[in-house]
Amino acid sequence: MTKQFTRRFMMASTGMLALLAASMPLGSALAQDKPVIRMSTPASDTDQRSVALATVFGPAISEFATYQPHYNASLVPQGSELESIATGDLEMSITSAQELANFLPEFSIFATGYVHQSAEHQVKVFNDPLMDSFKKKVEDELGVKLLAVMYLGKRHVNLRFPRAEKNVMTPADLAGVNLRMPGSDAWQFLGRALGANPTPMAFTEIYTALQTGSVDGQDNPLPTVVDAKFYEVTKQISLTSHLVDLNYVAFSKSVWDGLDAEQQAAVQKAAEEAAESGRQAQLKKEEDLVSFLKEQGLDVYEPDLTAFRTHVQAQYVGSAFTKSWPEGVLDKINALGN
């Protein structure tokens, strides 16, 4: 069931926060000189997003606030960050379009195949006026301010077949391929839209399934292919880039409203600079891994991305996933791309 925060709930929460704010500084139960900005994430401290926020965002706001990161979902359970910000129990997190879509279904457009074309395209979309209504609704309904977009990586098709046997240049080339995809309806739909036969399977089972031929391939960003050693049991990677994944820097609107104009500008600038730092680091990592995977004997190549993008987006037209999308937004997003 779609989660919703009613205006009555948010007004009550705001009133409660106002009472709390009268007795203590923001972000801490103990009196101190600076408010504490607690950031909760399920990612580790070595994740590029975590590193960027710790080394760029934290120092940039240190004159008026203390940045306090909490990793591996140690402060707030994964998936509960937005609720915690809305209820005043957390100041900051990074959140996905998929998580926002649980509350505001229109955000599903940003978790759809080939909507974002690159890391640069993500930034153009986020900074375009088309995002204004999305951002405002997040503020009004959840009490969350989206400050910047962070790049997670591109998902690609990784197959156990050699390229001589299966050369994946268009969606038609994936016909009959049993492609492991995450088990949700949205992921399975994307697998079918790519032209494959999507097979739901736990992540921990993928390596053995590829090794035994229970599945023909899997889709993940290159860092995951390397970390999980899928390159040991596969022969090729078609750089389909079917999902350019992202996170948003999510900040408490009530905390934001408690800052003066100069501090708000500093927080905004710090978030944007941290996002850019993490983006460049992740892009460099992906670039380096192409060479590594080729050295391991895999064919790594780019297919006809126009054919894939056109075919996949056509599958979404008229589907249940598009009912919540504002009219004309997909065209505007595409127009900002290549």
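In this text, all values refer to a predicted model and were calculated from it rather than measured experimentally.

## Focus: the packing of aromatic side chains
Right, so step 1: Following the criterion strictly, the structure yields 13 aromatic pairs and no others.
Right, so step 2: For the pair Phe57 and Tyr67, a centre-to-centre distance of 5.5 Å together with 70° between the ring planes defines the contact as edge-to-face. Note that Phe57 is positioned in helix 2 (residues 48–60) and Tyr67 in strand 2 (residues 66–70), a separation of 10 residues in sequence.
Right, so step 3: Of the residues examined, Phe57 reaches a relative accessible area of 0% and is grouped as buried.

## Some thoughts on the environment of Gly153
Right, so step 1: With respect to the element layout, Gly153 can be found in strand 4 (residues 144–159).
Right, so step 2: Taking the C-alpha atoms as reference points, Gly153 and Glu286, separated by 133 residues in sequence, lie 7.8 Å from one another.

## Section: the layout of surface pockets
Right, so step 1: There is about 980 Å³ of room inside the largest pocket.
Right, so step 2: Forming the boundary of the largest pocket are 30 residues, of which Asp47, Arg49, Leu152, Asp245 and Asn247 lie nearest the centre.
Right, so step 3: Those elements that provide at least two residues to the lining of the largest pocket are helix 2, helix 4 (97–103), strand 4, helix 9 (222–227), strand 8 (236–252) and helix 11 (261–295).
Right, so step 4: When grouped by side-chain class, the residues that make up the lining of the largest pocket number 10 nonpolar, 12 polar and 8 charged.

## Let's talk about the packing of helix 2 against helix 11
Right, so step 1: Close contact between helix 2 and helix 11 brings their axes to 8 Å; oriented N to C, the two are set at 150°. Classified by the angle between their axes, helix 2 and helix 11 sit roughly antiparallel to one another. Crossing hand, helix 2 versus helix 11: right-handed. In this structure, helix 2 contributes Gln48, Ala52, Leu53, Val56, Phe57 and Ala60 to the contact, and helix 11 contributes Val267, Ala270, Ala271, Glu273, Ala274, Ser277, Gly278, Ala281, Gln282 and Lys285.
Right, so step 2: Its residues assigned to classes, the contact of helix 2 with helix 11 shows 10 nonpolar, 4 polar and 2 charged.

## Quick notes on helix 2
Right, so step 1: Compared with the 18 Å implied by 1.5 Å per residue over 13 residues, the 18 Å span of helix 2 between its first and last C-alpha is a close match.
Right, so step 2: As for helix 2, its buried residues are in contact with strand 1 (36–40), strand 2, strand 3 (92–95), strand 4, strand 8 and helix 11.

## Describing the pairing of strand 8
Right, so step 1: Taken across its 17 residues, strand 8 has 17 buried, putting it largely inside the fold.
Right, so step 2: Relative to strand 8, strand 3 is paired through 4 bridges, and the arrangement is antiparallel. Bridge pairing in strand 8 places Thr95 opposite Tyr248.
Right, so step 3: The pairing of strand 4 with strand 8 spans 13 bridges and is classified as antiparallel.

## Here we look at the environment of Pro221
Right, so step 1: Structurally, Pro221 can be placed in the loop between strand 7 (217–220) and helix 9.
Right, so step 2: Classification of Pro221 by relative accessible area gives buried; the value is 14%.
Right, so step 3: A sequence separation of 130 residues divides Pro221 from Glu91, and the C-alpha atoms of the two residues are 29 Å apart.

## Topic: helix 7 (residues 185–193)
Right, so step 1: When we look at burial in helix 7, the residues that qualify are Trp187, Gln188, Phe189, Leu190, Gly191 and Ala193.
Right, so step 2: One or two residues past the end of helix 7 sits Gly195, with phi positive at roughly 105°.

## Concerning empty space enclosed by the protein
Right, so step 1: Within the structure shown, the criterion is met by 1 cavity of 30 Å³ or more.
Right, so step 2: The computed volume of the largest cavity comes to approximately 30 Å³.
Right, so step 3: Of all the elements in the fold, those that place two or more residues in the lining of the largest cavity are helix 5 (119–127) and strand 8.
Right, so step 4: If one sorts the elements of the lining of the largest cavity by residue count, helix 5 sits on top with 3 residues.
Right, so step 5: Across the lining of the largest cavity, the residue classes tally to 6 nonpolar, 2 polar and no charged.

## A closer look at the pattern of salt bridges
Right, so step 1: Under the criterion given, the structure shown has 11 salt bridges.
Right, so step 2: For the salt bridge of Arg49 with Asp47, the shortest nitrogen-to-oxygen distance reads 2.7 Å.
Right, so step 3: The residue Arg155 makes a salt bridge to Asp219 at a minimum N-O spacing of 2.8 Å. In this pair, Arg155 sits in strand 4 while Asp219 sits in strand 7, placing the two residues 64 residues apart along the sequence. Taken as a pair, Arg155 and Asp219 share a single burial class, namely buried.

## Side note on the nonpolar core
Right, so step 1: By size, the foremost hydrophobic cluster in this structure holds 50 residues, and its most contacted members are Phe107, Ile109, Phe110, Leu146, Leu174 and Tyr248.
Right, so step 2: Looking at this core, the element that brings in the most residues is strand 4, giving 5 residues.
Right, so step 3: Discounting chain neighbours no more than four positions away, the residues touching Phe110 are Ala97, His116, Val125, Met131, Phe134, Tyr248 and Ile333.
Right, so step 4: Residues Phe57, Ala148, Met150 and Val249 belong to the second largest nonpolar core, which totals 26 residues.

## A look at the confidence of the model for the protein
Right, so step 1: Taken as a whole, the protein shows an average pLDDT of 89; of its residues, 91% reach a score of 70 or greater.
Right, so step 2: The weakest mean pLDDT in the protein belongs to helix 1 (residues 7–23) at 39; the strongest belongs to strand 9 (residues 299–301) at 98.
Right, so step 3: With pLDDT under 50 throughout, residues 1–31 is counted as low confidence; its partners more than four residues away or in other chains account for 34 contacts.

The rules we used
- Residues numbered from 1 in each chain as written.
- Predicted model: local features only at pLDDT ≥ 70, side-chain atom pairs only at ≥ 80, totals over all residues.
- Heavy atoms only, no water.
- Phe/Tyr/Trp six-rings, centres within 6.5 Å; stacked < 30°, edge-to-face > 60°.
- Helix = DSSP H or I, 4+ residues; strand = E, 2+ residues; numbered from the N terminus.
- Buried < 20%, exposed > 50% of the residue type's maximum accessible area, 1.4 Å probe, protein only.
- 1 Å grid on protein atoms, 1.4 Å probe; cavity = no way out; pocket = protein on both sides within 12 Å on 5 of 7 lines; lining within 4 Å.
- Points joined across faces, edges and corners; volume = space filled by probe spheres on them.
- Nonpolar A, V, L, I, M, F, W, Y, C, P; charged D, E, K, R; others polar.
- Axes fitted to C-alpha atoms, helices over the stretch in contact; angles between N-to-C directions.
- Parallel < 35°, antiparallel > 145°, perpendicular 65-115°, else oblique.
- Left-handed = near helix turned anticlockwise from the far one by under 90°.
- Contact = heavy atoms within 4.5 Å.
- Expected span 1.5 Å × (residues − 1).
- Pairing = 2+ DSSP bridges.
- Salt bridge = Lys/Arg side-chain N within 4 Å of Asp/Glu carboxyl O.
- Core = buried A, V, L, I, M, F, W, Y, C linked by side-chain atoms within 4.5 Å.
- pLDDT = per-residue confidence, 0-100.

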